[in-house]
Each structure stands twice: as structure tokens, then as C-alpha cells.
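# Working through the structure, step by step
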Amino acid sequence: MRLRFTKMHGLGNDFVVIDGISQKVRLTPDKVRKLSDRHFGIGCDQVLVVEVPDSPEVDFRYRIFNADGSEVENCGNGARCFARFVRDRRLTGKTDIRVQTAGGLMTLTVHEDDDVSVNMGVPVLAPEHIPFTAPAQAETYPLELESRQLEISAVSMGNPHAVTLVEDIDSAPVEVLGPMVEAHPRFPARVNAGFMQIVSPTEVRLRVFERGVGETLACGTGACAAVVTGRIRGLLDERVSVHLPGGKLEIRWAGDGEPVIMKGPATNVFHGQVKL
Ligand SMILES: N[C@@H](CCC[C@H](N)C(=O)O)C(=O)O
């Protein structure tokens, strides 16, 4: 099977994006791992597949696969790249695009400057829906690791996130704690592990150890989750700049019951064909 693809990235969180409308795409976890491999494949954090939606009320469905082959519910940077992909390939002429993912519906807006805004939906805090094992919903939860206890906040942005506050993001042991949090038994579907340094009420620094990938240069849903948890803890304002290793995202959250809005870039790298 030969597939046309586009390599894209959102702040260095990189994707192989495949048009599953004009070509037949049958991905297995093994094929996703091959495409994602940085030595023997194209290399990416996630593979995204654009498909015809189930309902005429939305414009597209897009599916998200982590580099380890697992299919997941949501991807913020991927959503922005998806929006640019369907516009650039003229799969739609709309500037407001409605898309269905395994995590729910999203609306994306492509701006004149090519940045994309995404309505990421209302964050979910009920532990059983994250999913996270806890006796009751709380702002923070103690999480026992082998060597120490962390104080985490937990939220779903369609996909699960645990966020820990750190003093200094540069020296935070993300590569050690990240895998322990990701695989913690209290997160039955595993979890994306974010580490956030608060710089001011309008500015944070963030590193994310992503479920199914490892540490990435940026995580869109992770940035939304970090701002939601920081707001709930009374540490952040409504509009926050999130500085990730790969660049900056603007996140807005008005609070309880409101959707999170994310704005940032989406970049084409190259087009190609691959034999699977
Ligand atoms: N990079 C993404 C998140 C991708 C999915 C995540 N690894 C998961 O397993 O939930 C983003 O920008 O949000």
C-alpha cells in the first residue's frame, strides 16, 4: 500500500497527516509504529488520519494515533494541523470547520495569519470520567510514586491529563517522573503528565510527558489542562500564554462550564509518499 502524506508540526509536536478521504487507509498499530519511527520510518509523535464524518452536521472526522500505535481521543496541536491540512488540500473552503474525534466534537477557525483557534470543549473534572481513581473530586490529589509523593491535579480535555506544579521547569525531572505518572495504576487508561511552572497569573512554562510518546516539544491539550488546573487553584487569569519547549500557545478559559479556547500555529514541513 502506497500512501500520500504531509509531515506537519505544531510548535515541534510533529505529525504524519494522511488524507483518508481520497485514498484507502488501513492502519494497524504496527504500521503506525513504523510510520512514527524516527530511524526506520518518517518519524512523528502522532499519525493523524482525515476521514468522512458519521454525521452530515460535521465536516470531517479525524483520528489520532500515538507513536506507540495506540488510538487516542484528542490532540490539540494535531487539531490545528488538521485544519490547515484540509484547507491547504482544498478538502474544504470553510474557515470555521467542525470536526468529530473519538473525544467529541470540536470547532476550528483558520485565521488570516494562518494561526488556528480551536474550541477544545468544556474540561471534565469528575475523576470517573477522566478516568482517574479517587474517592471524590478535588483541586489536587496526592499521588504515590515509588520514590516520592506528588501533588497532582487531574482533568480530561477529551484525553486524560495530570498536572504537577514545579518551581523550575528546566531542572524538573520530567524524564524520571513522567513515565511513572503516565503508567500510574490510578489512571486506568494511562495519562499525559504535565509539569508546570507559574511565572505570573498570565504566563506559565510547561513540559509534557505524553502518553504513548514520551516528552514532546509541545502538547496542546496539555497546555489547556495546565491552564484549567491553574485557574481552579486560583493561580491564573482567564488568558494565559503557555511557553512550551517548542514555542508559545495562547489559552483562554472563562471558568466552570465554559469551553477552553486554544490559539497557535500549524506548519507544513514536506509532502511525500510512503510504502507500507
Ligand atoms: N500532542 C497532543 C496530544 C496527543 C495525544 C496524547 N499523547 C494522548 O495520549 O492523549 C496535543 O497536542 O494535545
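Rules used in this analysis
Residues numbered from 1 in each chain as written. Predicted model: local features only at pLDDT ≥ 70, side-chain atom pairs only at ≥ 80, totals over all residues. UniProt positions renumbered as here; feature names shortened; annotations may be inferred. Domains from an automatic or database assignment. Contact = placed C-beta atoms within 7 Å. Helix = DSSP H or I, 4+ residues; strand = E, 2+ residues; numbered from the N terminus. Nonpolar A, V, L, I, M, F, W, Y, C, P; charged D, E, K, R; others polar. Buried ≥ 20, exposed ≤ 12 C-beta atoms within 10 Å, placed from the backbone. Arc of directions from axis to C-beta. Pairing = 2+ DSSP bridges.

The name given to the protein chain in an unreviewed UniProt entry is Diaminopimelate epimerase, with Gilvimarinus algae as the source organism. Checking UniProt for the protein chain, the heading Sequence similarities (unreviewed entry) contains the comment "Belongs to the diaminopimelate epimerase family."

Considered domain by domain, the protein chain is made up of domain 1 (2–115 + 266–275) and domain 2 (127–258). Relative to domain 2, the C-alpha centre of domain 1 lies at a distance of 24 Å. Opposite the 19 residues of domain 1 that make contact, domain 2 presents 20 residues. In terms of residues, the side of domain 1 that touches domain 2 owes the most to one element, helix α2 (residues 76–88), which gives three residues. Looking at side-chain class alone, the side of domain 1 that touches domain 2 contains five nonpolar, 11 polar and three charged residues.

What follows covers helix α3 (residues 174–182). By the burial criterion, the buried members of α3 are V174, L177, G178, V181 and E182. Down the axis of α3, the buried set is contained in an arc of 130 degrees. They therefore lie on one face. Across α3 from its buried face, at more than 90 degrees, point the exposed residues E175 and V176. Each element contacted by the buried residues of α3 is listed here: β9 (141–144), β10 (149–156), β11 (160–165), β12 (192–200), β13 (203–210) and β14 (214–216).

Under the feature "active site" (unreviewed entry), the UniProt entry names C75 and C219. Taking the farthest pair of C-alpha atoms as the criterion, the annotated set spanning 145 residues converges on one region, since that pair is 7.7 Å apart. Dropping the residues within four chain positions of it, C75 is found in contact with Q46, I64, G220 and T221. Its location among the elements puts C219 in the loop between β14 and α4 (220–232). With residues up to four places along the chain from it excluded, the contact list for C219 reads N13, N77, N192, V208 and E210.

A few words now on the pairing of strand β8 (residues 116–119). Taking every second residue as pointing to the same face, the buried face of β8 carries V116 and V118, while none of S117 and N119 on the other face is buried. Where strand β7 (residues 104–110) meets β8, four bridges bridge the pair, whose relative direction is antiparallel. By the bridge assignment, L108 is partnered in β8 with V118. Where β7 folds back onto β8 in an antiparallel hairpin, the turn is made up of five residues, including D114, whose phi is positive at roughly 80 degrees. Where β8 and strand β17 (residues 260–264) come together, four bridges link them in antiparallel fashion. Following the sheet pairing, V116 is matched in β17 by G264.

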